[in-house]
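# Structure assessment
In case you want the letters, here they are:
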Amino acid sequence: MSSTGEANTVASDAANGAPASTTIDKEVCGSPSRKRQYKTRADVWEHMTKIKFDQNGKAEKARCNYCHQEYCCVSTNGTSTLRKHILNCKKYPFNERNKGQQSLSFQSTGREGSTNKLLNWCFNQERSRIAFAKMIITDELPFRFIEREGFRHFMSVTQPEFKFVSRNTVVKDCFSIYMQERKKLKDVLTNSSQRVCLTTDCWTSLQNISYMCLTAHFIDKDWKLHKRIINFCVLPSHKGKDIGKMVEFCLINWGIDKLCTITVDNASSNDVAVEYLRSKISKNDGLLVDGKYFHMRCCAHILNLIVRDGINEVSESICRIRGIVKYIRSSPSRASQFRACVDQERISSKALCVLDVPTRWNYTYLMLESALKYQRAFERLEDQDSHFASDLREGPPMGSDWDNARALVKFLKCFFESTKRLSGSLYVTSNSYFREVFKIENTLVTWSKSSDINLSLMAIKMKEKFDKYWGNIDKVNMMLLIAVLLDPRYKLENIEFCYAKVYEVGKVKGLIGRIMGALTTIFDHYQRLHSLGPSSSKNHSLGEINKPVSLSPQGSRSDDDGDNVIDDEIEVEYKLHRQVRSGLGSKSEIDRFLEDEIEDQTPSFDILVWWKANSSKYRILSQVAKDVLAIPVSTVASESAFSTGGRVLDQFRSSLTPKIVECLICTQDWLRASSQPIEVEEKLEDLQEIETSSSKS
């Protein structure tokens, strides 16, 4: 061995903590250390250094690089002892000894718009398991995800201390979270004095199992609107009585006995179900006015029926346009040729041609809206592509088809925007129902008189269907009109003004009388529940002036404060005297609310914030508003759960039991921190932009 090699060996051993004399002695004594040295493969040698060797050059002892403790390391014994020491070494900076030691970390609460906070953090296996189970639930991941190679590699890099569990343990963790969250929600629903509004709908999975989704809507004490899926259970049949019994069973399990309304679609079985619930729940005073206004019909379903009649008038034109959109999307070469035509026509729009779902008119609207922007490009493609006309079953669209599409888009845009506004579940919709329905009716009446024959025929057809469901004001659910009345921007004047434009004055006055009668009846019901007499209700609703004052000598005051008590009594009597003289004492909360100035309509106006600020002024009426404004006017909140159910119960996970399905869907709804829906599919526009940029590079 050269002197340079010897020097390097000594330097290397010295750097690893071994005495330099060890190597020199072996060389001088002529020991068989000149044999080829093999590199140790065990990762434990990254933390240990061999320090003593036998006559054959094999290591007998090793020293820890951190605490310098020595251990026997004969090759026949393996390295298990050395590994155990590293796991328990007090000076090793990353071992499990430091479980309780905290470090600073920027962590996010996970909620939309939240900022990161500097918090103390330390690894905790139990919390990590709970967080993993919540990720499985909220992101709709399979239980087998914990066994996948990619995730295990990721965790080995980010947190090697995480101990992997089986997928069966993950299922148990998810169910445990479900039970904990269910108890929290049940406590809120049973301890609240407010009523609960319901929506329900039915769905059949790929496995031909019928499910029913039941969703609760309510406004809490802080005037925040909540939507919670409380059941996603197997339905024995779609018969009305079976649906009613299942809803009743769910309500009993949750301890919910005070309801306001239930919103369902127009299926005849739902009428039977609602009647069954009304007969059972009204016996225990669980419904307002004996359930007279309990049944709420889904407005989105009615709008869908109205639109269907209009679409049928131009179905051939829609089929031809659908055919050309399908043609350019059927292959990459056709899509590329179409983009070339778009460039030649200098069309600046970046929107994609969307292919619709024939059973959903809103997708048809989006398809027609996008196709109309590229009409010139389609016409150029027809001239350049010899296969264009021959490959289309219905043939290419003609000029009249494009005219029909243009007229239909005008119609559908109005319905599309109204459906979007009325289908929300995270904001109040009951106060918007009347205005949206009136706007649609006014539009149909105007367009039915249009000189455009196509537009006029579609409007007349839609108006016939509109009148079937909304044409008779005597059948309107009073709760929806009361919701408009309780909106400080509109009140009773807006209802009277709008209906006077369509109906006779006498009919409108009769409707106004019924609205006021219904509100008065409901108000008196809430007044009795709050144990307030008619006179005390009028007086105690005047805000801070009329806060109840204890005049009893057994109160918190001592006998020495008798003079102060007398002064307080005189002051209260004087305030009551002023109220009577000014007329305030003789007016109810309803009268004072209607006489107050109407609020301005501003984009930032929040009706729940307004009622929260004025709840002390209208103590009973605010409780009425809290229940009425929670009413959903569509079943979209329940229907949206079926899209989740379709992803959870796909063809690869059909073995999930109904109870686990309910656990996953309900808990996901409860845990979601963001108000935005989870997007499980990539946006087509984003993918095309990525593809285009990649091809350019």
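Residues numbered from 1 in each chain as written. Predicted model: local features only at pLDDT ≥ 70, side-chain atom pairs only at ≥ 80, totals over all residues. Heavy atoms only, no water.

### Focus: the overall build of the protein chain
To keep things clear, this is the line we draw: Secondary structure counts use DSSP, requiring at least four H or I residues in a row for a helix and at least two E residues in a row for a strand, with both numbered from the N terminus. Buried means the residue's accessible area, taken with a 1.4 Å probe over protein chains only, is under 20% of the maximum for its type, while exposed means over 50%, and partly exposed covers the values in between. When checking whether two residues touch, look at their non-hydrogen atoms; a contact exists if any pair is within 4.5 Å. Shrake-Rupley sampling with a 1.4 Å probe provides the accessible areas, and residues are treated as covered by the protein chains on show and by no other component.
Counting its secondary structure elements, the protein chain contains 27 helices and ten strands. Taking all 697 residues of the protein chain together, the buried fraction comes to 42%. Here the contacts in the protein chain between residues at least 6 apart in sequence split such that 67% fall between residues at least 24 apart. Accessible area of the protein chain: about 38900 Å², with a carbon and sulfur share of 50%.

### What about helix H7 (residues 240-254)?
Given 3.6 residues per helical turn, the α-helix brings residues three or four places apart onto the same face. To keep things clear, this is the line we draw: Between the first and last residue of a helix there are one fewer steps than residues, each counted as 1.5 Å, and that sum is the expected span. Comment: arc refers to directions from the helix axis out to C-beta atoms.
For H7, which comprises 15 residues, the first-to-last C-alpha distance of 21 Å matches the rise-based estimate of 21 Å (1.5 Å per residue) to within 8%. Listing the buried residues of H7 in full gives Gly240, Ile243, Gly244, Met246, Val247, Cys250, Leu251 and Trp254. Projection of H7 onto a plane perpendicular to its axis shows the buried side chains occupying an angular sector of 165°, all on one side.

### So, the pairing of strand E8 (residues 225-234)
Keep this limit in mind: Two strands form a pair only when DSSP identifies at least two bridges running between them.
Extensive coverage of E8 is indicated by the burial of eight of its ten residues. Direction of pairing for strand E7 (residues 210-219) relative to E8: antiparallel, over a ladder of nine bridges. Along E8, the bridge assignment pairs Phe218 with His226.

### Remarks on the environment of Ile256
Topologically, Ile256 is positioned in the loop between H7 and strand E9 (259-264). On the accessibility criterion, Ile256 (11% relative accessible area) is buried. For the pair formed by Ile256 and Gly286, sequence separation is 30 residues and the distance between their alpha carbons is 9.1 Å. Those residues in contact with Ile256, other than ones at most four positions away along the chain, are Leu189, Val196, Ile230 and Leu251.

### Examining the environment of Tyr469
By the secondary structure assignment, Tyr469 is in helix H16 (residues 453-470). In this structure Tyr469 touches Asn266, Ile302 and Leu305, once residues within four positions along its chain are discounted.

### Some points on the confidence of the model for the protein chain
Which entries qualify depends on this criterion: The predictor rates its confidence in each residue with pLDDT, a number between 0 and 100.
Predicted confidence across the protein chain gives a mean pLDDT of 79, with 77% of residues reaching 70 or more. Below a pLDDT of 50 lies the segment residues 532-562, which in the model reaches 41 contacts outside its immediate sequence neighbourhood of four places, other chains included.

### Brief notes about a positive patch on the surface
Inclusion rule: Within the patch definition used here, like charges are joined within 9 Å and nonpolar side chains (Val, Leu, Ile, Met, Phe, Trp, Tyr) within 5 Å, considering only residues with over 30% relative accessible area and no salt bridge. Salt bridge, as applied in this entry: a Lys or Arg side-chain nitrogen positioned within 4 Å of an Asp or Glu carboxyl oxygen. We treat Lys and Arg as the positive residues and Asp and Glu as the negative residues; His and chain ends play no part in the count. By convention, charge coordinates are those of NZ in Lys, CZ in Arg, CG in Asp, or CD in Glu.
Together, Lys241, Lys245, Lys280 and Lys283 give the surface a local cluster of positive charge. Position of Lys241 among the secondary structure elements: in helix H7. Its relative accessible area of 47% is what places Lys241 among the partly exposed residues.

### As for the state of the cysteines
Note the threshold: Counting rule for disulfides: a pair of cysteine sulfur atoms within 2.5 Å.
All told, the structure shown has zero disulfides when counted by the stated rule. Cys663 supplies the cysteine sulfur nearest to Cys174, a cysteine that is in no disulfide, at a spacing of 6.1 Å. The exposure class assigned to Cys174 is buried, which follows from its relative accessible area of 1%. Note on Cys233: no disulfide assigned, nearest cysteine sulfur contributed by Cys250 at a separation of 4.0 Å.

### Topic: empty space enclosed by the protein
The gaps of empty space that remain are located by a probe, the size of a water molecule, rolled over the atoms. To keep things clear, this is the line we draw: In this analysis, the protein atoms alone were mapped onto a 1 Å grid. Cavities are point sets where a 1.4 Å probe fits without being able to get out; pockets are open sets with protein on both sides within 12 Å along at least five of seven lines; lining residues have an atom within 4 Å of a point. Grid points are joined across faces, edges and corners, and a volume is the space filled by probe spheres set on the points.
For the structure on display, the rule yields six cavities of 30 Å³ or more. Taken as a whole, the largest cavity encloses approximately 140 Å³ of empty space. As for the largest cavity, its lining consists of Tyr433, Phe434, Val437, Phe438, Glu441, Phe466, Trp470, Ile473, Val476, Leu481, Tyr499 and Tyr503. For the lining of the largest cavity, the elements supplying multiple residues, two or more each, are helix H15 (433-448) and H16. By residue number, the principal contributor to the lining of the largest cavity is H15, which donates five residues.

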